[in-house]
Amino acid sequence: MKKIILVTFLSFAFISYSQIAAYHMVYVKAEDQPKFESIEKNYMSKMAQAAVNDGQFSYWALEKLIHPMVPIGGKLNFGLVGNWYQFVIVYPNMKSYLNSGPWWANAGEKLGVPQEMLYYNAEQGGMYVWTIEDSVFGSQPAKFSVYNFGFAEEAQTFLDNQKPYMKNFENQMKKNEKGRAGWVSGHRLSPKNFGEHNVMTWDGFLTLEDAINHLNYKESKKNYVELGMPSGFDLKLVAEKITETTN
């Protein structure tokens, strides 16, 4: 019953040091989702909150991938069949990530419920770890996430060129424009294989409509070439926040 995934919410605050964000994906069939979500929202989120309060990590959340509705990792991501979920944990630094430990252990005993109550059916997926370089958040937590993944031959060039976007998105949040609630840029720490996705941005939104409108933006190949990623963001995912901790 391991967990993992992304983001601390600060009111229009920049994070200038590198955080570590870990994403742990699981696939849950449609008929198993109510129990799965109930256990995570009503029980495991309390374990995660205790870990945040104890300083083991900064943030924990569970997100449900709702777009695209196509096979991902060989599994159909469609509400009538099953969905990919991802646990997100954000650590304040590398040392915290390496020393966090099994915070979910003995959950039944700690929560005062039979351990068998916390079991559910879920198929394990991949574990992906990212270094967060820059981020900015508004005063309201995001309800929906848009993840943009791509490959840049020079990851640092891409990250450096994201800073003007960060300022623009910060201004949008101050003006409550386009339903934006947060933005993050980062590069992949693990697994690290040349040619695979190695850079990403995350856009947080208050409504699903705002998130989908963001997907509708007409992108320019010229801009991507300038960013050092001529193929652009070739994978975009939309996720709904199911539950999260508070800081």
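What you see is a predicted model, and the numbers here were worked out from it, not measured in a lab.

What counts as what
Residues numbered from 1 in each chain as written. Predicted model: local features only at pLDDT ≥ 70, side-chain atom pairs only at ≥ 80, totals over all residues. Heavy atoms only, no water. Core = buried A, V, L, I, M, F, W, Y, C linked by side-chain atoms within 4.5 Å. Buried < 20%, exposed > 50% of the residue type's maximum accessible area, 1.4 Å probe, protein only. Helix = DSSP H or I, 4+ residues; strand = E, 2+ residues; numbered from the N terminus. Contact = heavy atoms within 4.5 Å. Expected span 1.5 Å × (residues − 1). Pairing = 2+ DSSP bridges. Axes fitted to C-alpha atoms, helices over the stretch in contact; angles between N-to-C directions. Phe/Tyr/Trp six-rings, centres within 6.5 Å; stacked < 30°, edge-to-face > 60°. Lys NZ or Arg CZ within 6 Å of the ring centre and 35° of its normal.

Chemist: Looking at this structure, how should I read the nonpolar core?
Modeler: Soluble globular proteins tend to pack their nonpolar side chains together in the buried interior. Core analysis: the biggest nonpolar cluster contains 25 residues, and Phe-36, Phe-57, Trp-60, Leu-62, Tyr-85, Phe-87 and Trp-103 have the highest contact counts within it. Of all elements in the fold, only strand E1 (19–29), helix H1 (33–53), strand E2 (59–67) and strand E5 (82–91) reach the threshold of two or more residues within this core. Sequence-distant contacts of Leu-62, defined by excluding residues within four places in its chain, comprise Phe-36, Glu-40, Tyr-85, Gln-86, Phe-87, Glu-240, Lys-241, Ile-242 and Thr-243. Within the second largest apolar cluster, 23 residues are counted, among which are Tyr-27, Phe-137, Ala-181 and Trp-202.

Chemist: Just checking my understanding: could you explain helix H5 (residues 163–174) for this structure?
Modeler: Side chains three or four residues apart in an α-helix point the same way, a direct result of the helix having 3.6 residues per turn. For H5, spanning 12 residues, the distance from its first C-alpha to its last is 17 Å, which sits close to the expected 16 Å at 1.5 Å a residue. Those residues of H5 that are buried are in contact with strand E6 (123–137), strand E8 (180–190) and strand E9 (199–205). One or two residues past the end of H5 sits Asn-176, with phi positive at roughly 55°.

Chemist: What should I look at first to understand the sheet that holds strand E7 (residues 144–150) in this one?
Modeler: Neighbouring strands of a sheet are bound in pairs by backbone hydrogen bonds; such pairs are parallel or else antiparallel. Reading around the circumference, E1-E5-E2-E10-E7-E9-E8-E6 is the order of the eight strands in this closed barrel, with antiparallel pairing throughout. Taken pair by pair, the neighbouring strands of this sheet meet at an average axis angle of 35°, ignoring direction. With eight bridges connecting them, E6 and E8 associate as antiparallel partners. Following the sheet pairing, Trp-130 is matched in E8 by Arg-188. On top of the sheet, H1 reaches E1, E2, E5 and strand E10 (233–244); it is set at about 155° to E2, its chief contact.

Chemist: What is the right way to read the packing of aromatic side chains from this model?
Modeler: Two aromatic rings, taken as a pair, are described by how far apart their centres are and by the angle between their planes. Taken as a whole, this structure holds 18 aromatic pairs when the rule is applied. Relative to Tyr-85, the ring of Phe-36 lies with its centre 4.8 Å away and its plane at 70°, an arrangement referred to as edge-to-face. On the criterion of sequence distance, the pair formed by Phe-36 in helix H1 and Tyr-85 in strand E5 is long-range, its members being 49 residues apart. According to the relative accessible area criterion, Tyr-85 is buried, its value standing at 0%. With a centroid separation of 5.6 Å and 45° between ring planes, the pair formed by Trp-130 and Phe-149 is classed as tilted. You can see Trp-130 sitting in strand E6 and its partner Phe-149 sitting in strand E7, a full 19 residues away along the chain. Taken as a pair, Trp-130 and Phe-149 share a single burial class, namely buried. Three or more aromatic residues joined by ring pairs make a cluster, and in this case those are Phe-36, Trp-60, Tyr-85, Phe-87 and Tyr-120. Positioned over the ring face of Phe-169 is Arg-180, at 3.7 Å from the centre of the ring.

Chemist: Where do I start with the side chain of Gln-162 in this structure?
Modeler: Looking at the secondary structure, you find Gln-162 in the loop between helix H4 (155–160) and H5. Take Gln-162: its relative accessible area is 5%, and that puts it in the buried class. Not counting residues within four places of it along the chain, the set of residues in contact with Gln-162 comprises Trp-183, Ser-185, Thr-201 and Leu-227.

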